[in-house]
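Given next are the chains, with one letter for each unit.
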Amino acid sequence: MHSSIYLTLLIVVPLVGALAAAVVRNREGWSYLAGVSAATVELVLAVVVAFLYNDHVPGAGTWDFMSRHVLSSPLGLAYDVALDGISVLMVVLTALVLFLALLGARDRRREAAFVGWLLALTSFTMASFLSHDVLEFFIFFELTLVPSYFIITGWGGPASARAALKFFIYTFSGSAFLFIGVLYLGFLHQHEVGGPLTFSYQALYSTTMSHGTAVWLFLAFAVAFAVKSPIFPFHTWSPITYAEAPTAGSVELSALLAKLGTYGLLRFAVGLFPLALPSLRPLLLTLAVISILYGSLVACATPDLKRLVAYSSLAQMGFITLGIVTGSKIAMVGAVLLMFNHGVITAGFFLIIGFLERQRGSYTIKDLSGLQGPAPVYAALFTVVMLASIGLPGLSGFVSEYLILIGTFGTHAWWGVVATFGVLAAAAYLLWAYQRVFQGRAGGANAEVTDATASQRWVMVPVVVLIVVLGVFPKPVLDRISPSVQQLIEHVAPSGVNR
Amino acid sequence: MTGVAIPSIHYLAILPVLIFFGAALALLVASALVKSKVTINWATATTVAAAAATLVVAFFQWRCVANTGASTTVAHAVVLDGFAVVGTVAIAASVLLTALVAHDWAVRERVAGADFHILALASSAGALLMVQANDLIVIFLGLEIMSIGLYVLVGFDRGRATSSEASLKYFLLGSFASAIFIYGVALIYGATGSTDLSSISYFLGSNVVLRPGLLYAGGALLLIGFAFKVAAVPFHLWSPDVYEGAPTPVTGVMASIVKVGAFAAFLRVLISGLGTQLDTWRPVLWVLVAATCLVGASVGLLQRNVKRLLAYSSINQAGFMLLGVWTGSARGVAGTLFFVLTYAPVVVATFCVVTLVGGAGDDAHAIDHYRGLARRQPWLGNALALMLLSQLGAPLTVGFYAKYTVLAATIDSGGGALALIAILSAAIAAVFYLRWVLWLYADSDGDDAHRRVAVPSSSAFVVAVGVVVVLLFGLWPGPLVTWCQHATLLFLP
């Protein structure tokens, strides 16, 4: 097993960067430099960790880099980190998204604070993905709200205050259920085995409980995660929030924080309460499919690009949920892969929209037209990201959606059939949006749009590379995910998760 | 020689009360004797010294409790246990901070003399007595001593009509509540034959009360008395008006010292004295907690005056403190103790910022006055934002663990639904805290230099202490939580 120092560094490096940014705030550009340096170190570290990760540690299953320190026994508070094949992908995504957000969506207003909040958000998100303790996860999960709130209100659009408040209240209320669930589970475990209060994932993993209890706890957890993802009908905060947030905020929210929801659903709701899954599955499948169809339909009708991506994300979250709850291994692997791919793809979308918005001062579809004339590179980049999102074979989106759908067809064929319509709809709304924004004649301000600068092109390089590479050669990544998913499935299988 | 038998007195136990009364008396006598008026500097110094001395005494009290166990003294009327020591620490720390806030306020408002500090010391001595009292009569004495000082303090700002109005309101309703309380004491005495909590507990534990009407009536009246003092819904109506009218440092006292004293006595009466009747009063308290949490949070949404807003905020917080009372368990007692212990300094520091922003005349309390504060004065604004986030319950602040401890205790006692109501009320309350925070970071509209708030050094110290409490125990709550868990009540059923 590897030392947990790597994971601790992953959490600490962004915080150090944030501190450095605050210290040098009076010098023009220095805090940005501090932020970018921290982001680079973080990305390198994440990649190193991904390569070091060993999926077969004797005695720990697929968990690596494990370490647990109890901080306060009466509170059940512990610092407990570990990494498995599911979280390793999220770790890389977190580091990558920070990097993209900093480089692609620089905001020079009060730069030190901006960089600091972004780095803090990254640290807290990273810590949530690395938490191997339910209470610790909850604390960091909740904590991500604070930097998100300040990023949205501080640098967002004209209605950002309202949007941020809505976002905060929705998520905070959702977390209330999670909090109660976490505490209840902890005491359930304590009353069962005695000893001090603990929230260790490893310990709670095998708590015995009645079917009814499992259902209630699953629901309590699922509400919080459904709000965060978002899943229909808890999605109403997301379009306005994504639209009003600054570009970096939209990138972080949709590419990263949304994944906290689906990751939590997989790891904590399904992982801890497998008993509840068979009876809740119809409900969850229904919500997933509604998210897919509803998101796709509204995306067709939405007037601006940011909301379009928001609704398209809702549909994608539906796909991920579908993959998680069907219980087939293939679909679950696909869901984890889609979490990563969707992160890269939406980050790409929001970055390009940000570039356009900076020049045109608007992201309303009606204001934009014919941009492929003056800006062919933007058009090309958008095309790649869009095709990946639609699920064109050979690009990353295809692999993950395909895995989810064949897994679903194997276990819940009719749900798969309905979900497939979502894929078609995605092609419709994205191509139509492309048509309106990029094709036709560019007149007025649209003709004066200049094409991507060198730095903007460089920022998009990792996005395009990942889209293409994971589209043609996903095997190394799938090999990392599979053992952990297998382990999870074996744990939940006795409760009839597999049909 | 025949006469009254003097009960044995363990002086260490009552030393905090003696110090506070002694300091108050010394200041009183000095103001009468010294030819030129006792300056505010001397008064503040005396108060701070008394509070600091009490903190030292508390240390020795803790050692005594740890070595020889909890004990009662003065004919079982006063108790020295870990619980009392923690309560004493909370009160002494709040008095120390409040004295500093009041000092700057007094200098700004040109309040000369030691009157304010004398009253504050006497009033706090009452709170100290409540923390230690093991007898309903002594609790009543503490309650009255605390309240009478406060009635005057609330009306201390003689130039402002709202202050006198608040004073009258608080006095009328407060004395009414005291009357209800003492009537409850009488009924309990009638039902159990004693006012001593341990005797009451013993009586109820060894006898079956066949006709419990008297007992229930007495318990209900006591509950109302306490609910009034901690401003629990539906006995909260006085608090927004009084919070708004009172001089701001006094509002801080009401939100900190009064809450500590009242909650300590509340816990002791219900759990030590009436612990055997747990099943009877718990449903009543359930309703009280739910109403307090929800009303505090939702009515707070409508407030534009920060003092009223903080009044509703503290009603909401009181709901959380009541959660620990509701559990009736050792874990719940420790939770409430931790809550009041950490809430008190933070709320005093919050009111310190409000005092500063209030400006000369102490009336700039509309939320508009906070527009852009964190932009003009980053330290002050960020400190306030941090303390508000703590009261909201954001993780990595002490407020999170305060809520955590009481909620955990509630769930452990089977109150999942109640815990959910409470935490959802916190989500509602988050709206007004965040709106205020947002106001701090809004772009200010010109004339900045004019609106800078003067921050005298002792106030700066208080704010700094608030920030340190929020962050230190937010990052490292372990030792303090453990301490509160060890500080158990004597006569826990």
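Residues numbered from 1 in each chain as written. Chains lettered and ligands numbered in written order. Predicted model: local features only at pLDDT ≥ 70, side-chain atom pairs only at ≥ 80, totals over all residues.

Student: I would appreciate a short explanation of the overall build of chain A in the present structure.
Tutor: Tallying secondary structure elements over chain A gives 19 helices and two strands in all. Relative to the 2.2 N^0.38 estimate, which gives 23 Å for 499 residues, the radius of gyration of chain A is 22 Å and therefore close to what a compact globule would have. Overall, the C-alpha framework of chain A stretches about 70 × 55 × 40 Å when taken along its three principal axes. Residues counted as buried form 61% of the 499 residues belonging to chain A. (Helix = DSSP H or I, 4+ residues; strand = E, 2+ residues; numbered from the N terminus. Rg over C-alpha atoms; globule rule 2.2 N^0.38 Å. Buried ≥ 20, exposed ≤ 12 C-beta atoms within 10 Å, placed from the backbone.)

Student: Mind showing me how you'd approach the overall build of chain B here?
Tutor: Looking only at helices and strands, chain B features 20 helices and two strands. A compact globule built from 493 residues would reach a C-alpha radius of gyration of about 23 Å, and chain B, at 22 Å, matches this within 12%. For the C-alpha atoms alone, the extent of chain B along its principal axes is close to 70 × 60 × 40 Å. Within chain B, contacts between residues separated by at least 24 positions form 81% of all contacts whose residues are at least 6 apart in sequence. (Contact = placed C-beta atoms within 7 Å.)

Student: Looking at this model, I keep getting lost on helix 19 (residues 475–492) of chain A. Mind explaining?
Tutor: Each α-helix winds once per 3.6 residues, and so residues spaced three or four apart point in a common direction. Residue and element names in this part refer to chain A. End to end, helix 19 covers 25 Å across 18 residues, agreeing with the expected 26 Å (1.5 Å per residue, within 8%). The sharpest bend along helix 19 reaches about 25° and sits at Ser 482, with the proline Pro 483 one to four residues further on. Along helix 19, the positions that sit buried rather than exposed are Val 477, Arg 480, Ile 481, Ser 484, Val 485 and Leu 488. Residues of helix 19 that are buried in the fold lie against helix 3 (85–104), helix 11 (247–272), helix 14 (329–360) and helix 18 (454–472). (Expected span 1.5 Å × (residues − 1). Bend = angle between axes of the 7 residues up to and from the residue.)

Student: What is the right way to look at the confidence of the model for chain B in this model?
Tutor: Keep in mind that low pLDDT regions are not for reading the predicted coordinates in detail. Residue and element names in this part refer to chain B. Overall, the prediction assigns chain B a mean pLDDT of 91, with 97% of residues at 70 or greater. The secondary structure element of chain B with the lowest average pLDDT is helix 18 (residues 448–451), at 64, and the one with the highest is helix 19 (residues 457–475), at 95. Among the prediction metrics, the complex's ipTM stands at 0.91, with pTM recorded as 0.93. (pLDDT = per-residue confidence, 0-100.)

Student: Could you clarify how one ought to interpret the pairing of strand 1 (residues 64–72) of chain A in this entry?
Tutor: When a strand is regular, its side chains alternate between the sheet's two faces. Residue and element names in this part refer to chain A. Taken together, the six bridges between strand 1 and strand 2 (residues 77–83) define a ladder with antiparallel strand orientation. Of the residues in strand 2, the one forming a bridge with Val 70 is Ala 78. Remark: four residues form the turn of the hairpin made by strand 1 and strand 2, two consecutive strands paired antiparallel; Gly 76 in that turn has positive phi of roughly 70°. (Pairing = 2+ DSSP bridges.)

Student: Mind showing me how you'd approach the interface of chain A and chain B here?
Tutor: Bring the parts together and some accessible area is lost; that lost area is often taken as the interface size. On the side of chain B, 26 residues touch chain A, which itself brings 23 residues to the contact. Listing elements by their share of the side of chain A that touches chain B, those giving two or more residues are strand 1, helix 5 (134–143), helix 6 (145–155) and helix 7 (160–193) of chain A. Top element by residues in the side of chain A that touches chain B is helix 7 of chain A. It accounts for twelve residues. Across the side of chain A that touches chain B, the residue classes tally to 18 nonpolar, four polar and one charged. (Nonpolar A, V, L, I, M, F, W, Y, C, P; charged D, E, K, R; others polar.)

Student: Is there a simple way to explain the nonpolar core in this structure?
Tutor: Looking at soluble globular proteins, one finds that nonpolar side chains tend to be buried together. Counting residues in hydrophobic clusters, the biggest one holds 398 residues, and the most contacted among them are A:Val91, A:Leu118 and B:Met130. The dominant element in this core, judged by the number of residues it contributes, is helix 14 of chain A, at 20 residues. Once residues lying within four places of it in the same chain are set aside, the contact partners of A:Leu118 are A:Gly35, A:Leu98, A:Ala101, A:Leu102, A:Ile151 and A:Ala248. (Core = buried A, V, L, I, M, F, W, Y, C linked by C-beta atoms within 7 Å.)

Student: Any chance you could explain unusual backbone geometry here in plain terms?
Tutor: In most cases, non-glycine residues show a negative phi, while peptide bonds are predominantly trans. In this chain, A:Phe232 is followed by A:Pro233 through a cis amide linkage whose omega measures 0°. In this structure, A:Pro233 sits in the loop between helix 9 (211–228) and helix 10 (238–244). Put simply, B:Val233 and B:Pro234 share a cis peptide bond, and its omega is 5°. We note that A:Phe65 has phi near 60°; this positive angle belongs to a residue other than glycine. Counting through the fold element by element, A:Phe65 comes out in strand 1.

Student: Explanation requested: the packing of helix 11 of chain A against helix 14 of chain A in the structure shown.
Tutor: Two numbers describe a pair of packed helices, the interaxial angle and the distance between the axes. Residues and elements named next belong to chain A. Where helix 11 contacts helix 14, the axes come no closer than 8 Å and their chain directions differ by 165°. One way to sum up the angle between helix 11 and helix 14 is to call them roughly antiparallel. Here the hand of the crossing between helix 11 and helix 14 comes out right-handed. Residues Thr 247, Ser 250, Val 251, Ser 254, Ala 255, Leu 256, Lys 259, Thr 262 and Tyr 263 of helix 11 form the contact with helix 14, whose own contacting residues are Met 339, Gly 343, Thr 346, Ala 347, Phe 350, Leu 351 and Gly 354. (Axes fitted to C-alpha atoms, helices over the stretch in contact; angles between N-to-C directions. Parallel < 35°, antiparallel > 145°, perpendicular 65-115°, else oblique. Left-handed = near helix turned anticlockwise from the far one by under 90°.)

Student: Is there a simple way to explain the packing of helix 16 (residues 396–411) of chain A against helix 18 of chain A in this structure?
Tutor: All names here are of chain A. In contact at an axis separation of 6 Å, helix 16 and helix 18 are set at 45° when each is read in the N-to-C sense. Considering their axes alone, helix 16 and helix 18 lie oblique with respect to each other. Between helix 16 and helix 18, the contacting residues are Ser 396, Phe 398 and Val 399 on the first element and Leu 466, Ile 467, Leu 470 and Gly 471 on the second. Looking at the contact of helix 16 with helix 18 residue by residue, the classes come out as five nonpolar, two polar and no charged.

Student: Looking at this model, I keep getting lost on the environment of B:Ala334. Mind explaining?
Tutor: Residue and element names in this part refer to chain B. One can find Ala 334 in helix 13 (residues 330–358). For the pair Ala 334 and Leu 380, spaced 46 residues apart in sequence, the C-alpha to C-alpha distance is 32 Å. When sequence neighbours within four positions are dropped, the list of residues in contact with Ala 334 reads Thr 405, Cys 484 and Gln 485.

Student: Mind showing me how you'd approach helix 12 (residues 306–327) of chain B here?
Tutor: The end-to-end C-alpha distance of helix 12 of chain B is 32 Å, a good match for the 32 Å that 22 residues give at a rise of 1.5 Å each. Just beyond helix 12 of chain B, the residue with positive phi is B:Gly328, at close to 65°.

Student: Where do I start with the environment of A:Val449 in this structure?
Tutor: Residue and element names in this part refer to chain A. Relative to the elements of secondary structure, Val 449 occurs in the loop between helix 17 (413–438) and helix 18. In this structure Val 449 comes out as partly exposed when scored by C-beta crowding, with 18 C-beta atoms within 10 Å. Discounting chain neighbours no more than four positions away, the residues touching Val 449 are Gln 359, Arg 360, Leu 371, Pro 374 and Ala 375.

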